[in-house]
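# Remarks on the overall topology
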There are 2 protein chains.
Amino acid sequence: MEKKNEKITSRDVDFAQWYTDVCKKAELMDYSSTKGFIIYRPYGYAIWEEIQHYLNYYFKVSGHENVYMPLVIPESLFKKEKDHVKGFAPETLIATIGGKEKIQDKLIIRPTSECVFTDFYAKIISSYRDLPKKYNQWCSVVRWEKTTRPFLRGSEFLWQEGHTMHASKEEAMKETLDILALYKKMGEEILAIPFTTGKKSEKEKFAGAVATYSIEALMHDGKALQCGTSHYFGQGFSEAFNVRYLDKDNKMKYPHQTSWGVSTRLIGAIIMVHGDDNGLVLPPWVAPIQVVIVPIQGQKENIKHKGEELLSRLKKLDLRVKLDDSDQTPGWKFAEWEMKGVPLRVEVGPRDLEHGRLVIAKRNDGKKITINDGELEESVTTLLQDIHKEMYQKALDHLNKNITPVNSIDELKKVVDKGGYAKMMWCEDEACENKIKELTTATLRCLPFDEKASGVCPICGKKAKKVALFAKAY
Amino acid sequence: MEKKNEKITSRDVDFAQWYTDVCKKAELMDYSSTKGFIIYRPYGYAIWEEIQHYLNYYFKVSGHENVYMPLVIPESLFKKEKDHVKGFAPETLIATIGGKEKIQDKLIIRPTSECVFTDFYAKIISSYRDLPKKYNQWCSVVRWEKTTRPFLRGSEFLWQEGHTMHASKEEAMKETLDILALYKKMGEEILAIPFTTGKKSEKEKFAGAVATYSIEALMHDGKALQCGTSHYFGQGFSEAFNVRYLDKDNKMKYPHQTSWGVSTRLIGAIIMVHGDDNGLVLPPWVAPIQVVIVPIQGQKENIKHKGEELLSRLKKLDLRVKLDDSDQTPGWKFAEWEMKGVPLRVEVGPRDLEHGRLVIAKRNDGKKITINDGELEESVTTLLQDIHKEMYQKALDHLNKNITPVNSIDELKKVVDKGGYAKMMWCEDEACENKIKELTTATLRCLPFDEKASGVCPICGKKAKKVALFAKAY
């Protein structure tokens, strides 16, 4: 689309500034008085609510139950699992004063809730009959970050965290991968983002997990963004917190655990995958406003009424529609709603009215279509579906174009410097992974499923065991 | 209903113990490792989700928008409004360490969010065109309490807090009272609780408010419970935070503010208004399970199939239904689901099947009805509506029977000691209010709307200005 919005830096000029401009100008968020703690404004929060609706539906269908656990974790509890505390301790926010008195066992503001869930599971799990337990919670978590960016890295962010307990390793692994598949499906069905799924390396896995799997997305600038993770914990936390159950064979056993989550970082992914130089481009199924109606010469009585009629007709389709009957000019409104990424704009002016027609503009590719008034409902329905498909396909093309096999550190560096994934045969040795990071700043994003290793690792020359994707990442 | 459940203390024996038994045994909540921070278990949290659905619908219809504000409030910001800080400072939880370093401007974990909302409104309100602003958020808040009780008083609880800004006092007052009316409607429509609404006295109003209005409910034991509040703030916070807008007349003005909230305390009200000696009695529209199907001799193939058929038929009505096909005895299941307050139980056994009939048991009054199989859908639909009405009427009768006009401190003491509201003519002098509290421990619950004062205040003998309700309260 032609660049029209002067409030927003062009992506090619300064992608980071473009991102911040979109976040602020589209009124998705604002900064608060505390560094790193952002305000989720109505337009940003509404996207999150759509994500919540989608996931809650599937979580419940597959037998998960929502709960709410304490915001605080006593330091003594937090320290029970050694790897976990090592991973999170450096970035904790700690409360030390309650009711004007010093707190003995200091309280960690939850950075993640493995400790409180496992502590509770120890109380309520005693028999194989109590398994599986599949709990999820929607909440905010706090991680004291030095450098922060809206939605991508914050001292506080919103997320869901699922924590489940199972009788067998097989069942827990199935849960871990089922959830990963659900996240991928969410990308396909509502975010219009093709996620790459795979396993994380030992270096990049979650603190305390046996194995971490992730969904990764490629941003417009060629950097990768980890958009969600699903962890298999084995029995590590169960043992540390003494969660035991009497199995059918009359033996006491430790259950197998998982945890998984996606956060408001997904909003960052939506912005950076789909946005353009005129601002946000929202996928229709998560857009807070799916259709905006802009009357031309809206002060005229007949145009005003037509606008209201269109609003009520589209609302009957259960769409999220807005009639912009403010006193701004049509040009101002066009730019405003384009910046806010509304998928469809319906225009109606005096001449359209006279000829019984309407003009519909698609945000994703800027195309304008003239339809007969009577076709409104069908056109809007079809166009929203089209837009979703087109946006997904465009993102998929971008992804596929930007996965490049590499056979040397130089090739890898060239790829990740330009932007995109470098696909490399890897020996699975952390030394090679470290060397790549040191020389290129790229990290191992994931070991994609269904890829067979062959040949040698170009870093050390040893036999390759895995196919790995490297990229610079947010 | 006849007392059958031995796990639960009788209400007459020890109401406080009965309450705790129900909370724990019905699996609504559990205690965590941090005093006062409870765990909202799936069955308790699901009630809260129903309340959220109801309110979100009406909030959005009336133009409110959901947002999410930071969990923490810098101490310097918190201190801006003098009355407010005085009210909340004694019970704050304060974070002093972030990322292993001391935090300069200490962070208060939000006890309520007036400060952060007003601080943000100062940034985004500059013209009359920006008004009204009507934001709401769902979150948890922390108040460091010495004595805590599940749902009623906790160091952390879940709530919604609405914060709105308006151009005029009239509009802000209308908002304050519209929300109070919505809360009352929620009581009538889904909680089956008749709330008494009215204004709080100066002594009992919210820290920093000009006027506080509340919904009050009468528990089974005759104690009152404040179940929600709606505040008009005038321009106090606007002035303290310098929120100003340019009005149509070209003058800079301070907007008028409101805030309002209900919390998970409503779950406590549901328990104590409706519960009986066999446990929880849930109003149908907030019950996580509305109908439980209990097969008798469910191991028999035909009974098993019948159970599944009934489940699928009731699910088609969009009801929340559970088929209990566990290997427990029917007697155990009856007691369990009665304790959990499920409004309807459908039983089907071999003889019922033979005769093409079903037995339905109502939790609220223990009545059993035999119906023909084909009447299931209609009967269940009608019975759920009946149960809601009966529960509301029973609670209303209890309330009306327990409002007693009093003409002396002795009469007042007798009424509140027995349980219930004492309705008294009041001079509006805080000294009389204090004297009553001192001599009886009862507090002024509210000044009900539409009540005309006459005669004198029996405490001081001066002319009465208001009709006041006094009661002992949670």
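Residues numbered from 1 in each chain as written. Chains lettered and ligands numbered in written order. Predicted model: local features only at pLDDT ≥ 70, side-chain atom pairs only at ≥ 80, totals over all residues. Heavy atoms only, no water.

All names here are of chain B. Under the definition given, this model contains 70 salt bridges over all chains. For the salt bridge of K367 with D365, the shortest nitrogen-to-oxygen distance reads 3.8 Å. What makes K367 exposed here is its relative accessible area of 51%. Note that K472 and D417 form a salt bridge whose closest N and O atoms lie 2.8 Å from each other. A residue pair is termed long-range when its members are at least 10 positions apart, and K472 in the segment after β23 (466-471) and D417 in helix α13 (residues 409-418) qualify at 55 residues. Taking relative accessible area as the criterion, D417 reaches 40% and is therefore assigned partly exposed. (Salt bridge = Lys/Arg side-chain N within 4 Å of Asp/Glu carboxyl O. Buried < 20%, exposed > 50% of the residue type's maximum accessible area, 1.4 Å probe, protein only. Helix = DSSP H or I, 4+ residues; strand = E, 2+ residues; numbered from the N terminus.)

Before going further, it helps to examine the packing of helix α1 (residues 15-25) of chain A against helix α8 (residues 265-274) of chain A. All names here are of chain A. Here α1 crosses α8 at 120°, and the two axes come no closer than 11 Å. By the angle between their axes, α1 is oblique relative to α8. The element α1 and its partner α8 pack so that their crossing is right-handed. Judged by residue contacts, F15, W18, Y19, V22 and C23 of α1 engage G268, I271 and M272 from α8. Class assignment of the residues belonging to the contact of α1 with α8 gives a composition of seven nonpolar, one polar and no charged. (Axes fitted to C-alpha atoms, helices over the stretch in contact; angles between N-to-C directions. Parallel < 35°, antiparallel > 145°, perpendicular 65-115°, else oblique. Left-handed = near helix turned anticlockwise from the far one by under 90°. Contact = heavy atoms within 4.5 Å. Nonpolar A, V, L, I, M, F, W, Y, C, P; charged D, E, K, R; others polar.)

In this section: the sheet that holds strand β18 (residues 357-362) of chain B. All names here are of chain B. Reading across from one edge, β16-β15-β17-β18-β19 is the order of the five strands in this open sheet, with mixed pairing throughout. Here the strands that pair on one side only, and so sit at the sheet edges, are β16 (321-323) and β19 (368-372). With strand direction ignored, the average angle separating the axes of adjacent strands in the sheet is 25°. Pairing analysis gives four bridges linking strand β17 (residues 344-348) to β18, with the strands arranged antiparallel. By the bridge assignment, R345 is partnered in β18 with A361. Sheet contacts for helix α10 (residues 330-339): β15 (291-295), β16, β17 and β19; angle to β15, the most-contacted strand, approximately 175°. In this fold helix α12 (residues 376-401) packs onto β15, β17, β18 and β19, with an angle of close to 10° to the strand it touches most, β18. (Pairing = 2+ DSSP bridges.)

For the rest of this paragraph, the subject is the confidence of the model for chain A. Residues at a pLDDT of 70 or more form 99% of chain A, whose mean pLDDT is 97. On the interface metric, ipTM, the complex scores 0.96, and its pTM is 0.97. (pLDDT = per-residue confidence, 0-100.)

Right, let's talk about unusual backbone geometry for a bit. A cis amide bond, omega -10°, links L131 of chain A with the succeeding residue P132 of chain A. The backbone of N242 of chain B sits at a positive phi, close to 55°, despite the residue not being glycine. Structurally, the position occupied by N242 of chain B is in the loop between α7 (236-240) and β12 (245-246). N242 of chain B gets classed as partly exposed once you look at its relative accessible area, which sits at 46%.

Okay, the relation of the copies chain B and chain A next. Overlaying chain B with chain A gives an RMSD of 0.0 Å, the required rotation being 180° about an axis along which the chain moves by 0.0 Å. The transformation relating the two chain copies, once decomposed into turn and shift, fits a two-fold axis. The rotation axis passes nearest to the C-alpha of A95 of chain B in chain B, at a distance of 1.9 Å. With an isologous cut-off of 70% or more, the 98% of interface residues of chain B that recur at the interface of chain A puts this contact in the isologous class. (Least-squares fit on C-alpha atoms with pLDDT ≥ 70 in both.)

A separate point is the sheet that holds strand β8 (residues 156-166) of chain A. Residues and elements named next belong to chain A. Ordered by their spatial adjacency, 11 strands build an open sheet running β3-β7-β8-β14-β11-β10-β9-β22-β23-β21-β20, and the pairing between neighbours is mixed. Both outer strands of the open sheet, β3 (65-66) and β20 (403-405), are each paired with one neighbouring strand and no more. With three bridges joining them, β20 and strand β21 (residues 421-426) adopt parallel strand pairing. Its bridge partner being in β21, P405 is matched across the sheet by K423.

Burial analysis of strand β17 (residues 344-348) of chain A places five of its five residues in the buried class, which makes it a mostly covered element. Neither face of β17 of chain A is left uncovered, since the one carrying L344, V346 and V348 of chain A and the one carrying R345 and E347 of chain A both have all their residues buried.

What follows deals with the interface of chain B and chain A. Contacts between the two partners involve 52 residues from chain B, matched on the other side by 52 residues from chain A. Summed over both partners, the interface of chain B with chain A comes to about 4400 Å²; 60% of that surface belongs to carbon and sulfur atoms. In terms of surface lost to chain A, no three residues of chain B exceed P42, Y68 and I97 of chain B, which account for 14% of the buried area on that side. Put simply, chain B and chain A have four salt bridges between them. The salt bridge involving K123 of chain B is made with D30 of chain A; its shortest N-O contact spans 3.0 Å. Taken together, the five bridges between strand β5 (residues 93-98) of chain A and strand β5 (residues 93-98) of chain B define a ladder with antiparallel strand orientation. Within β5 of chain B, the position partnered with G98 of chain A by the bridge is L93 of chain B. (Buried area = accessible area lost by both parts, 1.4 Å probe.)

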